[in-house]
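Structural overview
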Amino acid sequence: QVQLVEFGGGLVQAGGSLRLSCAASGPTFSSYAMGWFRQTPGKEREFVAAISRAGGTTLYADSVKGRFTISRDSAKNTVYLTMNSLKPEDTATYYCAANSYQLGPLRNNHEYGYWGQGTQVTVSS
């Protein structure tokens with residue numbers, strides 16, 4: 001069973017950048033398809049980006065395409081979300097997630113069985 005811990009969130013001005021990290025522990029990291037989601041109070045969890053097990057295929061929500069980049073480093077058991085040109089509407093709690101039985105990338109949050117605790121990102125205007 002994999003355990004996920006996110007970090008790297010914080011407060012940033014609009015137009016700025018942040019890089020979120022998600023460190024995975026447990027069985028082989030490369031056997032998991034990984035994803036990033038975000039959620040604001042009163043709203044459903046929203047897909048942001050996903051990456052396949054091998055890291056060769058990525059998928060993005062239209063709202064972040066061209067601004068966010070998902071990547072993974074198997075040597076460090078870590079998946080990253082690099083966020084550029086941040087907007088106030090990107091403000092949310094960001095969660096990483098893992099899927100142990102599909103190649104990915106996966107857009108649907110119901111396909112992920114493991115979740116981190118979340119990290120807050122706040123973008124000021």
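Above this note sits the structure.
Presented here is a report on the structure given in the accompanying data block. (Residues numbered from 1 in each chain as written. Predicted model: local features only at pLDDT ≥ 70, side-chain atom pairs only at ≥ 80, totals over all residues. Heavy atoms only, no water.)

This part takes up the nonpolar core. Core analysis: the largest hydrophobic core is formed by 36 residues, its most contacted members being Met34, Trp36, Leu81, Met83 and Tyr94. If you list the elements that add at least two residues to this core, you get β3 (18–25), β4 (33–39), β5 (46–51), β7 (68–73), β8 (78–83), β9 (92–99) and β11 (119–124). (Core = buried A, V, L, I, M, F, W, Y, C linked by side-chain atoms within 4.5 Å. Buried < 20%, exposed > 50% of the residue type's maximum accessible area, 1.4 Å probe, protein only. Helix = DSSP H or I, 4+ residues; strand = E, 2+ residues; numbered from the N terminus.)

A cis amide bond links Gly104 to the next residue, Pro105, at an omega of 0°. Considering the arrangement of structural elements, one finds Pro105 in the loop between β9 and β10 (114–115). One non-glycine residue, Asn77, lies in the positive phi region at around 50°. The topology assignment puts Asn77 in the loop between β7 and β8.

Next up on the list: the pattern of salt bridges. According to the stated counting rule, one finds four salt bridges in the structure shown. Measuring nitrogen to oxygen at the nearest pair gives 2.9 Å for the salt bridge that ties Arg38 to Glu46. In this structure Glu46 comes out as partly exposed when scored by relative accessible area, which is 35%. It is possible to trace a salt-bridge network through shared partners that takes in Arg38, Glu46, Arg67 and Asp90. (Salt bridge = Lys/Arg side-chain N within 4 Å of Asp/Glu carboxyl O.)

With that out of the way, let us pick up the packing of aromatic side chains. The description of an aromatic ring pair uses the distance of the two centres, along with the angle that the planes make with each other. Applying the stated criterion to the full structure yields five aromatic pairs. Between the aromatic rings of Tyr32 and Tyr114, the centroid separation amounts to 6.0 Å while the plane-to-plane angle is 80°, which identifies the pairing as edge-to-face. Taken together, the positions of Tyr32 in the loop between β3 and β4 and Tyr114 in strand β10 put the pair 82 residues apart, joining distant regions of the chain. In this structure Tyr32 comes out as buried when scored by relative accessible area, which is 4%. Using a relative accessible area of 22% as the deciding quantity, one classes Tyr114 as partly exposed. Residue placement shows Arg45 over the ring face of Trp115; its charged tip is 4.7 Å from the ring centre. Its guanidinium or amino end placed over the ring of Phe29, Arg72 lies 4.4 Å from that ring's centre, counting from NZ or CZ. (Phe/Tyr/Trp six-rings, centres within 6.5 Å; stacked < 30°, edge-to-face > 60°. Lys NZ or Arg CZ within 6 Å of the ring centre and 35° of its normal.)

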